[in-house]
Amino acid sequence: METVKKGIPTVAVVTEEFVSLAKAIATSLKYPDLPMVVVPHPFEMLPVEQVRKLADEKVQELVNQMEKPRPAPARRAPTA
Amino acid sequence: MQTTPLKSKVLDVEEDPEALFEDFYARGWTDGLPIIPPTPARVERMIAAGGRPANEVVAILEPRNAPATVEKLAINAVMAGCHPSYFPVLLTIVECMPHSGLDPLGINTTTNPVWLMSVVNGPVRQKLNINSGYGVLGPGWRANATIGRATRLIQLNTAGSIPGEVTKSCQAHPGRYGQCVGEFEERSPWEPLHVERGFKKEESAVTLVAPMSAIRITETDCKTAEGLLHYIAGCMDSPTTAGHPDTHSLLMLCPDHAAILAREGLSKKDVKQELYKRTKAIPLSRWPSELTTGDLKRLGVVGHRPADLGGTTCVHSSPDHFKVIVAGGPSGYHSTWFSLWFHGAEIPTRRIQLPD
(Lines give C-alpha, C1' and ligand atoms only; values in the text may rest on other atoms or scores of the structure.)
Protein backbone atom coordinates (compact mmCIF):
# COMPACT_ATOMS: atom_id res chain seq x y z
CA MET A 1 0.00 0.00 0.00
CA GLU A 2 2.95 2.28 0.50
CA THR A 3 3.75 2.10 -3.23
CA VAL A 4 0.12 2.81 -4.06
CA LYS A 5 0.22 5.95 -1.91
CA LYS A 6 3.32 7.08 -3.81
CA GLY A 7 1.55 6.65 -7.12
CA ILE A 8 3.75 3.77 -8.23
CA PRO A 9 1.87 1.21 -10.36
CA THR A 10 1.25 -1.69 -8.00
CA VAL A 11 0.01 -5.21 -8.53
CA ALA A 12 -0.24 -7.80 -5.78
CA VAL A 13 0.86 -11.31 -6.70
CA VAL A 14 -1.23 -13.67 -4.62
CA THR A 15 -1.54 -17.43 -4.49
CA GLU A 16 -5.03 -18.90 -4.84
CA GLU A 17 -5.30 -19.73 -1.16
CA PHE A 18 -4.61 -16.17 -0.09
CA VAL A 19 -6.95 -14.25 -2.40
CA SER A 20 -9.61 -13.82 0.31
CA LEU A 21 -7.02 -12.48 2.79
CA ALA A 22 -5.54 -10.11 0.21
CA LYS A 23 -9.00 -8.77 -0.64
CA ALA A 24 -9.88 -8.36 3.04
CA ILE A 25 -6.74 -6.35 3.74
CA ALA A 26 -7.04 -4.28 0.57
CA THR A 27 -10.65 -3.46 1.51
CA SER A 28 -9.69 -2.52 5.05
CA LEU A 29 -7.10 -0.14 3.59
CA LYS A 30 -9.82 1.41 1.41
CA TYR A 31 -8.48 -0.11 -1.82
CA PRO A 32 -10.90 -2.91 -2.71
CA ASP A 33 -9.88 -2.79 -6.38
CA LEU A 34 -6.20 -3.44 -5.75
CA PRO A 35 -4.96 -5.16 -8.92
CA MET A 36 -4.01 -8.77 -8.37
CA VAL A 37 -2.41 -11.58 -10.32
CA VAL A 38 -3.37 -14.95 -8.92
CA VAL A 39 -0.93 -17.85 -9.10
CA PRO A 40 -1.43 -21.51 -8.16
CA HIS A 41 -0.82 -22.56 -4.55
CA PRO A 42 1.65 -23.50 -3.31
CA PHE A 43 4.78 -22.50 -5.14
CA GLU A 44 7.31 -22.27 -2.32
CA MET A 45 7.94 -26.00 -2.52
CA LEU A 46 8.23 -26.10 -6.29
CA PRO A 47 11.60 -26.61 -7.99
CA VAL A 48 13.10 -23.36 -9.23
CA GLU A 49 12.58 -24.29 -12.90
CA GLN A 50 8.83 -24.66 -12.37
CA VAL A 51 8.68 -21.34 -10.54
CA ARG A 52 10.45 -19.66 -13.46
CA LYS A 53 8.00 -21.27 -15.90
CA LEU A 54 5.10 -20.00 -13.79
CA ALA A 55 6.62 -16.51 -13.75
CA ASP A 56 6.98 -16.56 -17.55
CA GLU A 57 3.33 -17.55 -17.90
CA LYS A 58 2.13 -14.76 -15.63
CA VAL A 59 4.39 -11.86 -16.52
CA GLN A 60 2.24 -10.53 -19.36
CA GLU A 61 -0.83 -10.55 -17.12
CA LEU A 62 1.19 -8.62 -14.54
CA VAL A 63 2.23 -6.03 -17.10
CA ASN A 64 -1.34 -5.72 -18.39
CA GLN A 65 -2.58 -5.07 -14.86
CA MET A 66 0.08 -2.45 -14.28
CA GLU A 67 -0.76 -0.62 -17.46
CA LYS A 68 -4.48 -0.55 -16.80
CA PRO A 69 -5.63 2.84 -15.54
CA ARG A 70 -6.99 2.52 -12.01
CA PRO A 71 -8.95 4.84 -9.77
CA ALA A 72 -7.03 6.18 -6.80
CA PRO A 73 -7.72 4.50 -3.45
CA ALA A 74 -10.75 5.82 -1.61
CA ARG A 75 -9.91 8.70 0.67
CA ARG A 76 -11.80 10.04 3.63
CA ALA A 77 -13.95 13.04 2.86
CA PRO A 78 -12.22 16.24 3.97
CA THR A 79 -13.58 17.55 7.25
CA ALA A 80 -14.33 21.13 7.99
CA MET B 1 -23.85 4.76 34.09
CA GLN B 2 -24.52 3.91 30.42
CA THR B 3 -26.10 6.99 28.90
CA THR B 4 -25.00 6.75 25.26
CA PRO B 5 -27.66 5.04 23.14
CA LEU B 6 -26.61 1.75 21.59
CA LYS B 7 -25.72 2.04 17.93
CA SER B 8 -25.50 -1.58 16.84
CA LYS B 9 -28.22 -2.98 14.65
CA VAL B 10 -30.95 -4.75 16.58
CA LEU B 11 -31.84 -8.06 14.94
CA ASP B 12 -35.25 -9.64 14.89
CA VAL B 13 -34.38 -13.22 15.75
CA GLU B 14 -36.11 -16.16 17.35
CA GLU B 15 -35.99 -16.41 21.11
CA ASP B 16 -35.41 -20.15 21.06
CA PRO B 17 -31.74 -20.59 22.09
CA GLU B 18 -31.04 -23.26 19.48
CA ALA B 19 -32.58 -21.26 16.67
CA LEU B 20 -30.69 -18.16 17.73
CA PHE B 21 -27.43 -20.09 17.88
CA GLU B 22 -28.05 -21.44 14.36
CA ASP B 23 -28.73 -17.91 13.17
CA PHE B 24 -25.53 -16.44 14.67
CA TYR B 25 -23.50 -19.43 13.55
CA ALA B 26 -24.76 -19.02 9.99
CA ARG B 27 -23.69 -15.39 10.10
CA GLY B 28 -20.15 -16.46 11.08
CA TRP B 29 -20.27 -14.69 14.43
CA THR B 30 -19.44 -17.60 16.71
CA ASP B 31 -16.55 -19.91 17.46
CA GLY B 32 -18.79 -22.88 16.73
CA LEU B 33 -20.12 -23.03 20.29
CA PRO B 34 -23.50 -21.75 21.55
CA ILE B 35 -23.63 -18.13 22.63
CA ILE B 36 -25.60 -16.04 25.11
CA PRO B 37 -27.94 -13.80 23.11
CA PRO B 38 -26.64 -10.22 23.24
CA THR B 39 -29.95 -8.51 23.99
CA PRO B 40 -29.87 -4.74 24.48
CA ALA B 41 -30.47 -5.20 28.22
CA ARG B 42 -27.54 -7.62 28.61
CA VAL B 43 -25.25 -5.42 26.52
CA GLU B 44 -26.15 -2.34 28.56
CA ARG B 45 -25.46 -4.19 31.82
CA MET B 46 -22.07 -5.22 30.47
CA ILE B 47 -21.23 -1.67 29.35
CA ALA B 48 -22.24 -0.29 32.74
CA ALA B 49 -19.86 -2.70 34.46
CA GLY B 50 -16.95 -1.36 32.40
CA GLY B 51 -17.42 2.20 33.58
CA ARG B 52 -16.76 3.67 30.14
CA PRO B 53 -19.12 5.13 27.55
CA ALA B 54 -20.48 2.82 24.88
CA ASN B 55 -19.09 4.86 22.02
CA GLU B 56 -15.54 5.04 23.37
CA VAL B 57 -13.05 3.52 20.94
CA VAL B 58 -10.81 1.25 22.95
CA ALA B 59 -8.57 0.24 20.04
CA ILE B 60 -8.39 0.00 16.27
CA LEU B 61 -8.06 -3.68 15.39
CA GLU B 62 -6.38 -5.13 12.34
CA PRO B 63 -6.86 -6.47 9.74
CA ARG B 64 -10.28 -4.86 9.44
CA ASN B 65 -9.00 -1.56 10.94
CA ALA B 66 -12.29 -1.48 12.77
CA PRO B 67 -12.91 0.69 15.82
CA ALA B 68 -13.39 -1.59 18.80
CA THR B 69 -15.96 0.44 20.71
CA VAL B 70 -17.00 -0.42 24.24
CA GLU B 71 -20.41 -1.37 22.83
CA LYS B 72 -19.00 -3.86 20.32
CA LEU B 73 -16.74 -5.37 22.94
CA ALA B 74 -19.69 -5.69 25.31
CA ILE B 75 -21.68 -7.57 22.68
CA ASN B 76 -18.88 -10.09 22.28
CA ALA B 77 -18.47 -10.35 26.04
CA VAL B 78 -22.16 -11.18 26.47
CA MET B 79 -22.00 -13.76 23.67
CA ALA B 80 -18.99 -15.40 25.30
CA GLY B 81 -20.80 -15.75 28.61
CA CYS B 82 -18.78 -13.18 30.57
CA HIS B 83 -20.16 -11.95 33.85
CA PRO B 84 -20.32 -8.14 33.72
CA SER B 85 -17.67 -7.91 36.44
CA TYR B 86 -15.16 -9.41 33.99
CA PHE B 87 -15.62 -6.59 31.50
CA PRO B 88 -12.86 -4.26 32.83
CA VAL B 89 -10.37 -7.09 32.38
CA LEU B 90 -11.53 -7.63 28.80
CA LEU B 91 -11.30 -3.91 28.05
CA THR B 92 -7.70 -3.93 29.25
CA ILE B 93 -6.92 -6.95 27.07
CA VAL B 94 -8.26 -5.12 24.03
CA GLU B 95 -6.17 -2.09 24.92
CA CYS B 96 -3.13 -4.36 24.67
CA MET B 97 -4.10 -5.83 21.29
CA PRO B 98 -2.74 -3.16 18.94
CA HIS B 99 0.64 -3.13 20.69
CA SER B 100 3.36 -3.22 18.06
CA GLY B 101 5.28 -5.77 20.11
CA LEU B 102 2.52 -8.28 19.36
CA ASP B 103 2.34 -7.68 15.60
CA PRO B 104 -1.48 -7.71 15.66
CA LEU B 105 -1.91 -7.87 11.88
CA GLY B 106 0.37 -10.87 11.73
CA ILE B 107 -1.28 -12.85 14.49
CA ASN B 108 -4.73 -12.28 13.04
CA THR B 109 -3.86 -13.41 9.51
CA THR B 110 -0.92 -15.80 9.68
CA THR B 111 -0.64 -19.45 8.64
CA ASN B 112 0.90 -20.10 12.07
CA PRO B 113 -1.14 -21.60 14.96
CA VAL B 114 -0.52 -18.54 17.17
CA TRP B 115 -3.19 -17.62 19.72
CA LEU B 116 -3.61 -14.96 22.41
CA MET B 117 -3.15 -15.65 26.10
CA SER B 118 -3.92 -13.17 28.87
CA VAL B 119 -1.91 -13.44 32.08
CA VAL B 120 -3.69 -11.75 34.97
CA ASN B 121 -1.98 -10.51 38.12
CA GLY B 122 -3.09 -8.86 41.31
CA PRO B 123 -6.15 -8.93 43.56
CA VAL B 124 -8.59 -9.03 40.65
CA ARG B 125 -7.85 -12.75 40.45
CA GLN B 126 -9.54 -13.38 43.79
CA LYS B 127 -12.24 -10.84 43.18
CA LEU B 128 -13.32 -12.49 39.92
CA ASN B 129 -12.23 -16.05 40.75
CA ILE B 130 -9.70 -16.15 37.91
CA ASN B 131 -8.00 -19.50 38.32
CA SER B 132 -4.25 -19.69 38.73
CA GLY B 133 -3.95 -23.15 40.26
CA TYR B 134 -5.08 -26.64 39.29
CA GLY B 135 -6.02 -26.94 35.63
CA VAL B 136 -5.07 -23.34 34.92
CA LEU B 137 -4.75 -23.98 31.19
CA GLY B 138 -7.91 -26.05 30.98
CA PRO B 139 -11.69 -25.73 31.40
CA GLY B 140 -13.73 -25.31 34.56
CA TRP B 141 -13.52 -21.67 35.64
CA ARG B 142 -16.03 -19.25 34.16
CA ALA B 143 -13.74 -16.20 34.30
CA ASN B 144 -10.83 -17.91 32.58
CA ALA B 145 -13.03 -19.57 29.98
CA THR B 146 -15.22 -16.64 29.04
CA ILE B 147 -12.62 -13.86 29.14
CA GLY B 148 -10.46 -15.97 26.85
CA ARG B 149 -13.43 -16.78 24.64
CA ALA B 150 -14.52 -13.15 24.42
CA THR B 151 -10.99 -12.22 23.37
CA ARG B 152 -11.24 -14.66 20.49
CA LEU B 153 -14.72 -13.50 19.49
CA ILE B 154 -13.42 -9.94 19.36
CA GLN B 155 -10.60 -11.05 17.08
CA LEU B 156 -13.22 -12.72 14.87
CA ASN B 157 -16.06 -10.23 14.86
CA THR B 158 -14.30 -6.88 15.35
CA ALA B 159 -10.80 -7.43 14.00
CA GLY B 160 -12.10 -9.60 11.15
CA SER B 161 -9.88 -12.61 11.77
CA ILE B 162 -12.21 -15.06 10.05
CA PRO B 163 -10.91 -18.66 10.03
CA GLY B 164 -9.94 -19.88 6.59
CA GLU B 165 -10.87 -16.66 4.88
CA VAL B 166 -8.69 -14.05 6.57
CA THR B 167 -6.72 -15.95 9.16
CA LYS B 168 -4.96 -18.62 7.17
CA SER B 169 -3.80 -20.59 10.20
CA CYS B 170 -3.10 -24.02 8.78
CA GLN B 171 -4.21 -26.06 11.78
CA ALA B 172 -4.79 -23.37 14.42
CA HIS B 173 -4.59 -24.50 18.05
CA PRO B 174 -7.02 -25.23 20.90
CA GLY B 175 -5.76 -22.03 22.50
CA ARG B 176 -7.83 -20.21 19.91
CA TYR B 177 -10.97 -21.13 21.81
CA GLY B 178 -9.56 -18.66 24.33
CA GLN B 179 -6.91 -18.66 27.01
CA CYS B 180 -6.81 -16.56 30.14
CA VAL B 181 -4.75 -17.53 33.17
CA GLY B 182 -3.95 -16.07 36.54
CA GLU B 183 -0.42 -16.18 37.91
CA PHE B 184 -0.24 -18.15 41.17
CA GLU B 185 1.48 -15.34 43.02
CA GLU B 186 0.74 -16.89 46.42
CA ARG B 187 2.80 -19.98 45.58
CA SER B 188 5.55 -18.20 43.69
CA PRO B 189 8.91 -17.70 45.42
CA TRP B 190 9.54 -14.66 43.26
CA GLU B 191 8.01 -11.32 42.33
CA PRO B 192 4.99 -11.66 40.04
CA LEU B 193 5.12 -10.78 36.37
CA HIS B 194 3.40 -7.41 36.73
CA VAL B 195 5.77 -6.33 39.50
CA GLU B 196 8.73 -7.24 37.27
CA ARG B 197 7.18 -5.00 34.65
CA GLY B 198 6.88 -2.00 36.93
CA PHE B 199 3.51 -2.33 38.63
CA LYS B 200 2.80 -2.52 42.35
CA LYS B 201 1.92 -5.89 43.80
CA GLU B 202 -1.43 -4.57 45.02
CA GLU B 203 -2.35 -3.36 41.55
CA SER B 204 -4.12 -5.63 39.10
CA ALA B 205 -2.74 -5.97 35.60
CA VAL B 206 -2.96 -8.07 32.49
CA THR B 207 -0.14 -9.09 30.16
CA LEU B 208 -1.06 -10.16 26.65
CA VAL B 209 1.14 -12.73 24.94
CA ALA B 210 0.88 -14.63 21.66
CA PRO B 211 2.08 -18.24 22.04
CA MET B 212 2.79 -20.37 19.01
CA SER B 213 3.35 -23.60 20.87
CA ALA B 214 3.01 -25.16 24.30
CA ILE B 215 5.77 -27.62 25.21
CA ARG B 216 5.16 -29.95 28.14
CA ILE B 217 7.92 -29.98 30.74
CA THR B 218 7.22 -33.00 32.91
CA GLU B 219 10.22 -33.61 35.11
CA THR B 220 9.44 -35.63 38.23
CA ASP B 221 12.78 -36.91 39.47
CA CYS B 222 15.34 -34.12 39.51
CA LYS B 223 15.92 -32.72 42.97
CA THR B 224 18.50 -30.11 42.02
CA ALA B 225 18.21 -26.82 40.20
CA GLU B 226 21.00 -27.89 37.86
CA GLY B 227 19.12 -31.02 36.86
CA LEU B 228 15.84 -29.24 36.32
CA LEU B 229 17.40 -26.39 34.34
CA HIS B 230 19.24 -28.91 32.17
CA TYR B 231 15.94 -30.66 31.46
CA ILE B 232 14.04 -27.45 30.72
CA ALA B 233 16.77 -26.26 28.36
CA GLY B 234 16.59 -29.60 26.57
CA CYS B 235 12.89 -29.05 25.92
CA MET B 236 13.72 -25.79 24.18
CA ASP B 237 16.31 -27.31 21.91
CA SER B 238 14.41 -27.91 18.70
CA PRO B 239 14.11 -26.23 15.29
CA THR B 240 10.53 -25.32 15.99
CA THR B 241 11.26 -23.42 19.16
CA ALA B 242 14.83 -22.26 18.76
CA GLY B 243 16.15 -20.11 16.02
CA HIS B 244 14.16 -16.91 16.43
CA PRO B 245 16.45 -15.21 18.89
CA ASP B 246 14.86 -11.79 18.82
CA THR B 247 11.53 -13.09 20.10
CA HIS B 248 10.40 -13.81 23.63
CA SER B 249 9.00 -16.85 25.34
CA LEU B 250 6.98 -17.58 28.47
CA LEU B 251 7.99 -20.30 30.92
CA MET B 252 5.04 -21.26 33.10
CA LEU B 253 6.58 -23.10 36.05
CA CYS B 254 4.36 -25.16 38.33
CA PRO B 255 4.80 -24.25 42.02
CA ASP B 256 6.87 -27.34 42.79
CA HIS B 257 9.32 -26.74 39.95
CA ALA B 258 9.68 -23.12 41.04
CA ALA B 259 10.36 -24.28 44.60
CA ILE B 260 13.19 -26.59 43.45
CA LEU B 261 14.90 -23.65 41.75
CA ALA B 262 14.28 -21.14 44.52
CA ARG B 263 15.41 -23.36 47.40
CA GLU B 264 18.94 -23.25 46.01
CA GLY B 265 18.77 -19.47 46.09
CA LEU B 266 18.01 -18.81 42.44
CA SER B 267 16.10 -15.62 41.74
CA LYS B 268 13.90 -15.25 38.68
CA LYS B 269 16.72 -13.32 37.06
CA ASP B 270 19.10 -16.19 37.80
CA VAL B 271 16.69 -18.66 36.20
CA LYS B 272 16.58 -16.59 33.03
CA GLN B 273 20.34 -16.26 32.96
CA GLU B 274 20.83 -20.00 33.44
CA LEU B 275 18.35 -20.82 30.67
CA TYR B 276 20.02 -18.35 28.36
CA LYS B 277 23.43 -19.86 29.11
CA ARG B 278 22.17 -23.36 28.35
CA THR B 279 20.42 -22.43 25.11
CA LYS B 280 22.80 -20.08 23.36
CA ALA B 281 24.60 -22.68 21.29
CA ILE B 282 21.95 -24.77 19.56
CA PRO B 283 23.70 -26.72 16.78
CA LEU B 284 22.56 -25.86 13.29
CA SER B 285 22.56 -29.61 12.64
CA ARG B 286 19.07 -29.55 14.25
CA TRP B 287 17.91 -28.06 10.96
CA PRO B 288 17.70 -30.21 7.78
CA SER B 289 20.84 -30.19 5.70
CA GLU B 290 18.89 -29.22 2.58
CA LEU B 291 18.45 -25.73 4.04
CA THR B 292 21.27 -23.48 2.94
CA THR B 293 22.87 -20.73 5.00
CA GLY B 294 20.83 -18.35 2.88
CA ASP B 295 17.62 -20.17 3.88
CA LEU B 296 18.61 -20.05 7.53
CA LYS B 297 19.37 -16.34 7.28
CA ARG B 298 16.02 -15.71 5.63
CA LEU B 299 14.28 -17.70 8.36
CA GLY B 300 16.02 -15.63 11.00
CA VAL B 301 17.84 -18.65 12.41
CA VAL B 302 21.31 -17.27 11.74
CA GLY B 303 22.78 -13.92 11.06
CA HIS B 304 22.41 -12.59 14.56
CA ARG B 305 26.02 -12.93 15.55
CA PRO B 306 29.12 -13.69 13.51
CA ALA B 307 29.61 -16.87 15.56
CA ASP B 308 26.29 -18.22 14.26
CA LEU B 309 27.87 -18.98 10.94
CA GLY B 310 30.18 -21.33 12.79
CA GLY B 311 27.35 -23.73 13.32
CA THR B 312 25.14 -22.66 16.23
CA THR B 313 22.22 -20.42 16.96
CA CYS B 314 20.43 -19.49 20.16
CA VAL B 315 16.92 -19.74 21.54
CA HIS B 316 16.99 -16.12 22.66
CA SER B 317 19.55 -13.37 22.21
CA SER B 318 19.07 -12.09 25.76
CA PRO B 319 18.18 -13.62 29.14
CA ASP B 320 15.45 -10.98 29.43
CA HIS B 321 13.59 -12.57 26.54
CA PHE B 322 12.63 -15.41 28.85
CA LYS B 323 9.52 -14.44 30.79
CA VAL B 324 8.81 -16.62 33.83
CA ILE B 325 5.56 -17.02 35.75
CA VAL B 326 4.30 -19.54 38.28
CA ALA B 327 0.93 -21.19 37.75
CA GLY B 328 -0.73 -24.56 38.12
CA GLY B 329 -1.66 -26.88 40.95
CA PRO B 330 0.76 -27.70 43.75
CA SER B 331 0.32 -31.36 42.88
CA GLY B 332 3.28 -32.38 40.83
CA TYR B 333 5.97 -31.53 38.41
CA HIS B 334 4.38 -30.38 35.17
CA SER B 335 5.33 -27.05 33.65
CA THR B 336 4.85 -25.56 30.19
CA TRP B 337 7.03 -23.53 27.92
CA PHE B 338 5.36 -21.25 25.41
CA SER B 339 7.35 -20.07 22.46
CA LEU B 340 5.90 -16.69 21.53
CA TRP B 341 5.05 -15.29 18.10
CA PHE B 342 8.28 -14.88 16.22
CA HIS B 343 7.50 -11.53 14.71
CA GLY B 344 6.70 -10.11 18.10
CA ALA B 345 9.01 -8.34 20.46
CA GLU B 346 8.37 -6.84 23.88
CA ILE B 347 4.98 -7.82 25.25
CA PRO B 348 2.37 -5.38 26.65
CA THR B 349 1.26 -5.20 30.27
CA ARG B 350 -1.47 -2.79 31.36
CA ARG B 351 -3.12 -1.97 34.64
CA ILE B 352 -6.71 -3.11 34.93
CA GLN B 353 -8.84 -0.10 35.71
CA LEU B 354 -11.72 -1.24 37.85
CA PRO B 355 -14.68 1.13 37.95
CA ASP B 356 -15.31 3.05 41.15
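As the structure is a prediction and not an experimental result, all values here were calculated from the model.

Bringing the domain arrangement of chain B into the picture now. Residue and element names in this part refer to chain B. With domains assigned, chain B is organised as domain 1 (17–210 + 346–351) and domain 2 (213–340). Its C-alpha centre places domain 1 at a distance of 27 Å from the equivalent point of domain 2. For the side of domain 1 that touches domain 2, a count of residues per class yields twelve nonpolar, four polar and three charged.

Residues and elements named next belong to chain B. In spatial order, the strands read β6-β11-β7-β10; together these four strands make up an open sheet with mixed pairing. With one partner strand each, in any of the chains shown, β6 (211–218) and β10 (322–326) form the two edges of the open sheet. Averaged over neighbouring strand pairs, the angle between their axes works out to 20° when direction is ignored. As defined by bridge partners, strand β7 (residues 249–253) adjoins β10 across five bridges and the pair is classed as parallel.

Time to look at the pairing of strand β2 (residues 66–69) of chain B. All names here are of chain B. Examined bridge by bridge, strand β1 (residues 57–61) and β2 share four bridges and lie antiparallel to one another. Pairing of I60 across the sheet is with P67, part of β2. Between β1 and β2, which pair antiparallel and follow one another directly, the connecting turn spans four residues, one of which, N65, has a positive phi of 55°.

What follows covers the sheet that holds strand β5 (residues 205–209) of chain B. Residue and element names in this part refer to chain B. Taken in spatial order, the four strands make up an open sheet running β4-β3-β5-β12, and their pairing is mixed. Sheet topology places β4 (180–182) and β12 (349–351) at the edges, where each strand pairs with a single neighbour. Neighbour-to-neighbour, the strand axes of this sheet turn through a mean angle of 25°, independent of strand direction. Those strands touched by helix α4 (residues 87–96) are β3 (117–121), β5 and β12, and its axis lies near 45° from that of β5. Running at roughly 140° to β4, helix α7 (residues 142–157) makes contact with β3 and β4 of the sheet.

This part takes up the nonpolar core. Counting residues in each nonpolar core, the largest one holds 92 residues, and the members touching the most others are L73(B), A74(B), A77(B), V89(B), L90(B) and V94(B). If you tally residues by element for this core, the top one is helix α3 (residues 70–80) of chain B, at eight residues. Two domains each provide a minimum of three residues to this core, namely domain 1 (17–210 + 346–351) and domain 2 (213–340) of chain B. Setting aside its immediate chain neighbours within four residues, A74(B) contacts V43(B), M46(B), I47(B) and F87(B). By size, the runner-up hydrophobic cluster in this structure holds seven residues, among which are L21(A), A24(A), A26(A) and V166(B).

Attention now moves to the confidence of the model for chain B. Residues with a pLDDT of 70 or more make up 96% of chain B, whose mean pLDDT is 92. On the interface metric, ipTM, the complex scores 0.79, and its pTM is 0.92.

A few words on the interface of chain B and chain A. Taken together, the eight residues of chain B in the interface contact seven residues of chain A. Considering only residue class, the side of chain B that touches chain A consists of two nonpolar, three polar and three charged.

All names here are of chain A. Of the residues in chain A, 86% have a pLDDT of 70 or more, and the chain-wide mean is 84. Summarising per-element confidence for chain A, the mean pLDDT is lowest in helix α1 (residues 2–5) (80) and highest in strand β2 (residues 36–39) (94). Note that pLDDT drops below 50 for residues 76–80; the model gives that stretch zero contacts with residues more than four away or on any other chain.

Residues and elements named next belong to chain B. For strand β11 (residues 334–340), a buried count of six out of seven residues is recorded, marking the element as mostly surrounded by other parts of the structure. Relative to β11, β6 is paired through seven bridges, and the arrangement is antiparallel. By the bridge assignment for β11, P211 is matched with L340. Here four bridges tie β7 to β11, and the two strands are oriented antiparallel to one another. Pairing of L251 across the sheet is with W337, part of β11.

What counts and what doesn't
- Residues numbered from 1 in each chain as written.
- Chains lettered and ligands numbered in written order.
- Predicted model: local features only at pLDDT ≥ 70, side-chain atom pairs only at ≥ 80, totals over all residues.
- Domains from an automatic or database assignment.
- Nonpolar A, V, L, I, M, F, W, Y, C, P; charged D, E, K, R; others polar.
- Pairing = 2+ DSSP bridges.
- Helix = DSSP H or I, 4+ residues; strand = E, 2+ residues; numbered from the N terminus.
- Axes fitted to C-alpha atoms, helices over the stretch in contact; angles between N-to-C directions.
- Contact = placed C-beta atoms within 7 Å.
- Core = buried A, V, L, I, M, F, W, Y, C linked by C-beta atoms within 7 Å.
- Buried ≥ 20, exposed ≤ 12 C-beta atoms within 10 Å, placed from the backbone.
- pLDDT = per-residue confidence, 0-100.

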